[in-house]
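# Structural overview for review
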Amino acid sequence: MISHGPDVVTVVTGASGFIGSHIVANLLSRGEVVRATVRDISDPERVDHLKNLKMAEGGSLEIVEMDLFDADAVDSAIAGCSNVIHTAASVIISSKNPQKKILDPSIIGTRNVVSAIEKSGSVERFVHTSSTAAIRPLHWTDGQILTTESWADDATVEENPYGLAKASAERIVREWHEQQPVDSRPRLVTIHPCMVFGPPMSPRHLRGSLALLMMMVRRNLPMVLPMQVSIVDVRDVAEAHVRGLTGGKDKGRYLVVAGDMMMGEMARSLKKEYPNRKWKTSVAPYWLSLVAAFFHPKVDVAWAKRHLRKKLYWDATPAENELGMVWTDPEKSVLDTVPPILEQNWV
Ligand SMILES: NC(=O)c1ccc[n+]([C@@H]2O[C@H](COP(=O)([O-])OP(=O)(O)OC[C@H]3O[C@@H](n4cnc5c(N)ncnc54)[C@H](OP(=O)(O)O)[C@@H]3O)[C@@H](O)[C@H]2O)c1
């Protein structure tokens, strides 16, 4: 529970997004006062689902327009608030112009956010959404367990622009925090989700991590890949952010990972739960997956060699012990993603 009252305003950046929307839902269900930032307030796909969220007594929702590149808009969105949850970022892993499309929103945007927090003088709690991508180096060994001691230090614009963007944004936050006077700086927690599944609230939510599941729903691939997927539920990710406002250690870095499934297991679960739909469940042989990666516009053979057939694990016990997180079963997260997609005809 976070300290209540009309004076305690929580700003959620990127509130139109998949994770941001669930954080807003979580806060409103607790009767919190929320200021949600979106890039385009006139777009129903960005705001309608937020306006329809259930609200407990005392809760209120203000939606404000804010682009991370517009420092004045960031200043006014954060002015006077007590809590900041900064989820906004460009969530794409490859682009023809990675600097502009992937790195700049995270780097310039996060600089603007910490500058606004400093100017406001009112922020007491700051939760920043980082990622497993800020932790996972390019090279890891099969069966390795990564902890929050690790950083994606070898990420480059060419090889791992998303990892570089997430690690750089987190460093900006941490270095800024370190420079602030200890008695007046906000408490800081960073949250590091892996691949996030769970119910989408808007068709816009299908484009990030849910794109992998959408490929299976749409049967875009003739076969599934021999690939492990680390999974966490979006509702747990939202809960961890909200708990991080008051719980956990100051400067804590929390991996939020519930478990993992092979893509083939995901496909078989989906087929069992939704037998009226057709699913591709055969797993492609390794060599064929490499050929597919060669021709795929978004992945390359080097990526495929690093990820296919290999297993990587994450130590999320600090989030369990210090934030009290109990994870939704990954299979349930996968299955719960589908009903809104079918009901709203987003296929
Ligand atoms: N989904 C995952 O599997 C996953 C895993 C680990 C970490 N994360 C992190 O979680 C956060 C949220 O991700 P998500 O999955 O919710 O992605 P998402 O649905 O794409 O949401 C991203 C949000 O950021 C906003 N945004 C992007 N560029 C912006 C800009 N220049 N100015 C202002 N807002 C901007 C988007 O606004 P628009 O709606 O206007 O585009 C959207 O609200 C990100 O920091 C991401 O790196 C996600």
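### Brief notes about the environment of Val47
Of note, Val47 is situated in helix H2 (residues 44-51). Here Val47 falls in the buried class, since 21 other C-beta atoms lie within 10 Å of it. When the C-alpha positions of Val47 and Thr13 are compared, they lie 13 Å apart, and in sequence the two are 34 residues distant.

### Quick look at the site of the ligand
Around the ligand there are 30 residues in total, and Gly14, Gly17, Arg39, Ala89 and Ser209 lie nearest to it. Top contributing element to the shell around the ligand by residue count: helix H1 (residues 18-29), with three residues. Tallied by class, residues from the shell around the ligand come to 13 nonpolar, 12 polar and five charged.

### Let's talk about the nonpolar core
By size, the foremost hydrophobic cluster in this structure holds 89 residues, and its most contacted members are Val24, Ile78, Ile231 and Val256. Residue contributions to this core peak at seven residues, all from H1. Among all residues touching Ile231, those that are not within four sequence positions of it are Cys194, Met195, Phe197, Ala258, Gly259, Asp260, Met261, Pro330, Ser333 and Val334.

### A few points about the sheet that holds strand E3 (residues 60-65)
Pairing between the strands of a sheet comes from backbone hydrogen bonds, and it takes one of two forms, parallel or antiparallel. With parallel pairing, seven strands are arranged side by side in an open sheet as E3-E2-E1-E4-E5-E7-E10. The open sheet is flanked by E3 and strand E10 (252-256), the only strands paired with a single partner. On average, each strand axis in the sheet is tilted by 20° relative to the strand beside it, whichever way the strands run. Of the pairings in the sheet, the one linking strand E2 (residues 33-38) to E3 comprises six bridges and is parallel in character. Its bridge partner lying in E3, Val34 is registered against Leu61.

### Comments concerning the sheet that holds strand E8 (residues 195-197)
Taken together, the three strands give an open sheet; going across it, the order is E8-E9-E11, and neighbouring strands pair in mixed fashion. Two strands in the sheet have a free side with no partner beyond their single neighbour: E8 and strand E11 (259-262). Strand-to-strand twist of the sheet, defined as the mean angle between neighbouring strand axes without regard to direction, takes the value 50°. Pairing between E8 and strand E9 (residues 228-233): three bridges, direction parallel. Among the inter-strand pairings, Val196 is bridged to a residue of E9, identified as Val232.

### Re the environment of Glu32
Within the fold, Glu32 resides in the loop between H1 and E2. A sequence separation of 24 residues divides Glu32 from Val8, and the C-alpha atoms of the two residues are 7.8 Å apart.

### Some points on H2
Listed as buried for H2 are Arg46, Val47, His49 and Leu50. Down the axis of H2, the sector holding all buried residues measures 160°, keeping them to one side. Exposed residues lying more than 90 degrees from the buried face of H2 are Pro44, Asp48 and Lys51. Where H2 is buried, its residues contact H1, E2 and E3.

### Things to note about unusual backbone geometry
Located in the positive-phi region is Arg309, a residue other than glycine, with phi close to 65°. With respect to the element layout, Arg309 can be found in the loop between helix H10 (301-307) and strand E12 (312-314). A tally of 14 C-beta atoms within 10 Å means that Arg309 is categorised as partly exposed. One non-glycine residue with positive phi stands out, namely Asn345, at about 60°.

### Here's the deal with the packing of helix H4 (residues 98-120) against helix H5 (residues 161-179)
The N-to-C vectors of H4 and H5 enclose an angle of 15°; their axes lie 9 Å apart at closest approach. Put simply, H4 runs roughly parallel to H5. The chirality of how H4 crosses H5 is right-handed. Residues Pro98, Ile102, Leu103, Ser106, Ile107, Thr110, Arg111 and Val114 of H4 form the contact with H5, whose own contacting residues are Pro161, Tyr162, Leu164, Ala165, Lys166, Ser168, Ala169, Ile172, Val173 and Trp176.

### Points about the pairing of strand E5 (residues 125-129)
Each regular strand carries side chains that alternate between the two faces of the sheet. Among the five residues of E5, five are classified as buried, and the element is accordingly described as predominantly covered. The side-chain alternation of E5 yields two buried faces, one formed by Arg125, Val127 and Thr129 and the other by Phe126 and His128. In this sheet, E5 lies alongside strand E4 (residues 83-86) in parallel orientation, the contact comprising four bridges. Note that in E5 the partner of His86 across the bridge is His128. Each parallel crossover has a hand, and for E4 linked through H4 to E5 it is right-handed. Here E5 runs beside strand E7 (residues 187-193); their pairing, made up of five bridges, is parallel.

What counts and how
In this numbering scheme, every chain counts its residues from 1 along its sequence in written order. In keeping with the predicted nature of the model, local features appear solely for residues at pLDDT of at least 70, side-chain atom pairs appear and are counted solely at 80 or more, and the whole-chain, interface and lining totals rest on all residues. Secondary structure elements are defined from DSSP: runs of H or I of at least 4 residues count as helices, runs of E of at least 2 residues count as strands, and each element is numbered from the N terminus. Exposed residues have 12 or fewer other C-beta atoms within 10 Å of their own C-beta, buried residues have 20 or more, and partly exposed residues fall in between, where C-beta atoms are placed from the backbone. Being near a molecule or strand means, for a residue, that its backbone-placed C-beta atom lies within 6 Å of it. Each residue receives one of three labels: charged for Asp, Glu, Lys and Arg, nonpolar for Ala, Val, Leu, Ile, Met, Phe, Trp, Tyr, Cys and Pro, and polar for the others, Gly being one of them. For the purposes of this analysis, a nonpolar core is taken to be any set of buried Ala, Val, Leu, Ile, Met, Phe, Trp, Tyr and Cys residues that are connected through C-beta atoms within 7 Å. Two residues form a contact once the distance between their C-beta atoms, set from the backbone, is within 7 Å. Only when DSSP finds a minimum of two bridges between them are two strands counted as paired. In this description, a line fitted to the C-alpha atoms serves as the axis of each element, helices being fitted only across the stretch in contact, and the angle between N-to-C directions of two axes falls anywhere from 0 to 180 degrees. An arc is given here, and it is the one of the directions from the helix axis to the C-beta atoms. Between 65 and 115 degrees an angle is taken as roughly perpendicular, under 35 as roughly parallel, over 145 as roughly antiparallel, and anywhere else as oblique. Crossings are assigned a handedness: left-handed for a near helix turned anticlockwise from the far helix by less than a right angle, right-handed for a clockwise turn. Note on handedness: a clockwise path from strand one over the helix to strand two, with the strands aimed away from the viewer, defines a right-handed crossover.

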